[in-house]
Amino acid sequence: MIRRALALAVFLSLAGAVIAGTWWRALDDALTRLEERGRADLALAGDRLLGQLQRYREMTVLMADHPEILRFALDPSVPAEPVDALLRRTADMTRSDEFLLVGASGRIIASSGPGRGANRSTAPYVRRAMQGALGFHHEIEKETGRRLFVYAAPVFSPDGPVAGALVVRIETEAVEVIWRGEPMIVFFTDSDGIAFVSNRDELVLVRLDLMPEGEGEVPADLLRRKVRHIDRHEVWDLDGGPYLPARALHLTRPLPVIEMTGEALVDIAPAERQALLQALVAAAACLVIGAGGYALLERRRALAVQLAAEAEANARLETRVEERTRELSEANEQLHRAQAELVQAGKLSALGQMSAGISHELNQPLMAIRSYAENAGLFLDRAQPEKAAENLGRINDLARRMGRIIKNLRAFARQEHDGMSDVDLVQVVADALELSEARLRASGVGVDWQPPAAAVWVRGGEVRLQQVVMNLLANAADAMEAGGTVSINIAPVAGRVRLAVADTGPGIAEPDRIFDPFYSTKEVGASEGMGLGLSISYGIVQSFGGTIAGRNRDTGGAEFVVELDAAEPGTKAA
Ligand code: ADP
């Protein structure tokens, strides 16, 4: 939150700086252009005023040399009328206000208008002319309020001294009227700061002086203004009515020839408009950039939130997977342990079951051995050693058979380790058949078993495999209490070996449930029924990487098929 506020503040201040900078630069550029043009225009206006006055100046000097004027100046006693007429004519032709001829006495001796006889000896320009120089002056006529430029040229007598002064008075309007209405405001101020000539009536004879604000009534001849600077441009804030700009660029140009200063006021409103426009464009650009940036930041934030949520969910999932894996492997271990215990328990129960049959199995040959031994003794007594030897041979066979049974029993009871090796499946089936022989015989079950000519090697544990086969044989015998045939077949199939044990019994009641632990259709207590045989067999075969399945045959009876991995050729010796 704080970061966003900070980013917003930084962006706003940057945008503000950019907009203000743009506005300032644009204004400065526009003012510079205005000033360049204004300066050129002001120079032109100044030159024009000087040019117009120059005409009058030259005319004054020329007229002072006029022979009639000289003559009259030297001898004013002759009638003045012809000179008056000459001066009047000239004034009319040159659009001058008045021509006066001042005599050496300082009085007016001839004039284009009235006023002859007036004393002008004190006028500074007359005094200058009397000294032989050209006098120039500007003044306001007291009686009429007219503004006048005055030139006074000395009238030299042929032998040197000044005989009089020719004075020309020019009304300023004669020069102003020419450049009225020009867009730029131009005025020429004298040393008192009064606008003597201007192309705007509002400024004529106005004193352009600084006036602090709020000082009551502004005198009519005082223009209130405030001066400030925009960069190096001088700008005046004016309060001069509808015809003067409110804010104007102030330019000056000294005109020492007429002892005045040319000044110009250029309205800066266009420059301000241009600057404002550019600032608005910059603001719009900032807005677009800001909006874009904001959208981008929002997207990144949303993405980060999403990623964080996903990462959290992943972490949760991982811990759950780990927990489940741990639980599963613990359960698996427990299962393994339980299975191993069950295998052993199953074996012991099978041993118990077998013991009856086996004791009978051992008892029978033992009885036979005893009778054969007795007979052998008798035969020896009767000196029939061949017969005795025959009996002894039978005893030997029976003893070997008993030895084999006992060896198988020992091997079966032995606790086998989990490991696997290459096992001859044919031998396993043969051993299992031998151990189950009594059980099968008791039920009157015939065995259909054609062992393959050579050994068939599979991967597994010999004792456990034997346990599986014995279990299948026992189940077959249980299913065929009234007699039948159990067929055993071994066949290789694509890298595996298939052992099928089929019977001619009633078939399986619920094929889906036979591998469930403690599922049994046999009566409790009767023969073997604990419901563990097949589930233990299932676990054993699976631990060898094989499969076991049971189904009912189309021709009747049940068939159990065990598939095991064939041992790799070359490892058989192991
Ligand atoms: P038990 O033999 O102790 O009942 P098993 O796990 O060996 O336990 O067998 C489970 C059940 O499968 C038997 O109770 C029986 O119903 C059925 N079964 C097994 N083998 C056969 C078979 N060859 N014919 C018919 N049913 C069978």
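Located above this text is the structure these notes cover.
Since the model is a prediction, treat every value here as computed from it, not as a measurement.

Visitor: A description of the pairing of strand E18 (residues 558–565) should follow, citing residues and the corresponding values.
Guide: Consecutive side chains along a regular strand alternate between the two faces of the sheet. Across the eight residues that make up E18, a large majority, six, are buried. Note: strand E16 (residues 496–502) against E18, seven bridges, orientation antiparallel. When the bridges of E18 are listed, Leu499 appears paired with Val562. By the bridge criterion, six bridges tie strand E17 (residues 547–552) to E18 in an arrangement that is antiparallel.

Visitor: Account for the packing of aromatic side chains, with residues named and values stated.
Guide: Across all of its chains, the model carries five aromatic pairs by this definition. A ring pair is formed by Trp23 and Trp24, whose centres lie 6.3 Å apart and whose planes are at 45°; its orientation type is tilted. Among the residues examined, Trp23 registers a relative accessible area of 33% and is labelled partly exposed. Plain terms: the ring middles of Phe136 and Tyr151 are 4.8 Å apart, the flat faces sit at 50° to each other, and that makes the pair tilted. Here Phe136, found in strand E3 (residues 135–140), pairs with Tyr151, found in strand E4 (residues 147–156); they are 15 residues apart in sequence, far enough to count as distant. The same class applies to Phe136 and to Tyr151, which are both buried. Among the aromatic side chains, those forming a connected cluster through ring pairs are Phe136, Phe149, Tyr151 and Phe196.

Visitor: I'd like a description of the site of the ligand, backed by residues and values.
Guide: Every one of the 20 residues lining the ligand counts as a neighbour, but Asp503, Ser520, Thr521, Lys522 and Leu534 are closest to it. Lys522 has a polar side-chain atom sitting 2.5 Å from an oxygen atom of the ligand. For the ligand, the protein covers 95% of the area, taking 530 Å² as the surface of the free molecule. Of all the secondary structure elements, the ones that give two or more residues to the shell around the ligand are helix H9 (462–479), helix H10 (533–543) and E18. With three residues, H9 is the largest single contributor of residues to the shell around the ligand. Residues belonging to the shell around the ligand are distributed by class as follows: nine nonpolar, eight polar and three charged.

Visitor: Tell me what's going on with helix H3 (residues 81–94), and back it up with residues and numbers.
Guide: For H3, spanning 14 residues, the distance from its first C-alpha to its last is 20 Å, which sits close to the expected 20 Å at 1.5 Å a residue. Turning to H3, its buried residues number three or more, namely Val83, Asp84, Leu86, Leu87, Thr90, Ala91 and Thr94. The arc that holds the buried residues of H3, viewed along the axis, is 160°, so those residues lie on one side. Facing away from the buried side of H3 by over 90 degrees, the exposed positions are Asp92 and Met93. Contact partners of the buried residues in H3: helix H1 (2–64), helix H2 (67–74), strand E1 (98–103), strand E2 (108–111) and strand E5 (162–171). Of the residues trailing H3, Arg95 is marked for its positive phi of about 55°.

Visitor: Let's hear about the nonpolar core: which residues, and what values?
Guide: Counting 54 residues, the largest nonpolar core has Ile69, Leu87, Leu101, Phe149 and Leu166 as the members making the most contacts within it. Among the elements that line this core, the one with the most residues is H1, at 13 residues. In this structure, Leu101 is in contact with Ile69, Phe72, Ala73, Val83, Leu87, Arg107, Ile108, Ile109, Ala110, Val155, Ala165 and Leu166, ignoring residues within four places of it in sequence. Residues Val445, Leu472, Ala477 and Met480 belong to the second largest nonpolar core, which totals 44 residues.

Visitor: So what's going on with the pattern of salt bridges? Residues and values would help.
Guide: What the rule picks out here adds up to 29 salt bridges. For Asp422, the salt bridge goes to Arg459, with nearest N and O atoms at 2.5 Å. Of the two residues, Asp422 is situated in strand E12 (residues 421–424) and Arg459 in strand E14 (residues 457–460); the sequence distance between them amounts to 37 residues. Overall, Arg459 belongs to the partly exposed group, its relative accessible area being 28%. Through salt bridges with shared partners, one network takes in Asp97, Glu98, Glu139, Glu141, Arg146, Arg169 and Glu171.

Visitor: Got a sec to walk through H9? Specific residues and values, please.
Guide: With 18 residues, H9 ought to run about 26 Å at 1.5 Å a step, and its terminal C-alpha atoms sit 26 Å apart, in line with that. Burial of H9 is extensive: 16 of the 18 residues sit out of reach of the surface.

Visitor: Any chance you could break down the packing of H2 against H3 for me, citing the residues and the numbers?
Guide: The N-to-C vectors of H2 and H3 enclose an angle of 140°; their axes lie 10 Å apart at closest approach. Comparing their axes, H3 and H2 come out oblique. Note on packing geometry: the crossing formed by H2 with H3 is left-handed. Touching Glu68, Ile69 and Phe72 of H2 are Pro82, Val83, Leu86 and Leu87, all from H3. In the contact of H2 with H3, the residues fall into six nonpolar, no polar and one charged.

Calculation notes
- Think of each chain on its own: its residues are numbered from 1, step by step along the sequence as written.
- For a predicted model such as this one, the threshold for reporting local features is a pLDDT of at least 70, and the threshold for listing and counting side-chain atom pairs is 80 or more; totals across whole chains, interfaces and linings nevertheless cover every residue.
- The side-chain quantities take in all heavy atoms of the structure and omit both hydrogens and water.
- For the exposure calls, accessible area comes from a 1.4 Å probe over protein chains only, and a residue counts as buried if that area is under 20% of its type's maximum, exposed if over 50%, partly exposed in between.
- Helix numbers and strand numbers start at the N terminus; a helix is a DSSP run of H or I with at least 4 residues, a strand a run of E with at least 2.
- DSSP-based pairing: two strands are paired if at least 2 bridges between them are found.
- Within 6.5 Å between ring centres, the rings of Phe, Tyr and Trp (the latter by its six-membered ring) count as paired, and their orientation is classed by plane angle as stacked under 30 degrees, edge-to-face over 60, tilted in between.
- Near is defined per residue: the residue qualifies when any heavy atom it owns lies within 4 Å of the molecule or strand.
- As used in this structure description, the phrase polar contact means that two N or O atoms lie within 3.5 Å; if the pair is within protein, one of them must be able to donate a hydrogen and the other to accept it, and residues adjacent in sequence are counted only when both atoms belong to side chains.
- Computed with the Shrake-Rupley method and a 1.4 Å probe, the accessible areas treat only the protein chains shown as cover for residues.
- When residue character is reported, Ala, Val, Leu, Ile, Met, Phe, Trp, Tyr, Cys and Pro are called nonpolar, Asp, Glu, Lys and Arg charged, and the others, Gly included, polar.
- One less than the number of residues in a helix, times 1.5 Å, gives the span that helix is expected to have.
- This arc is taken over the directions from the axis of the helix to the C-beta atoms.
- The contact criterion used is simple: two residues touch if any of their non-hydrogen atoms lie within 4.5 Å.
- In this description, a nonpolar core means a group of buried Ala, Val, Leu, Ile, Met, Phe, Trp, Tyr and Cys residues linked to one another through side-chain atoms lying within 4.5 Å.
- Definition used for salt bridges: Asp or Glu carboxyl oxygen within 4 Å of a side-chain nitrogen of Lys or Arg.
- Fitted lines through C-alpha atoms serve as axes, helices being fitted only where they are in contact, and the angles separating the N-to-C directions of these axes extend from 0 to 180 degrees.
- Note on angle classes: values under 35 degrees are labelled roughly parallel, values over 145 roughly antiparallel, values of 65 to 115 roughly perpendicular, and the remainder oblique.
- By convention, the crossing between two helices is left-handed when the near helix turns anticlockwise from the far helix through less than a right angle, and right-handed when the turn is clockwise.

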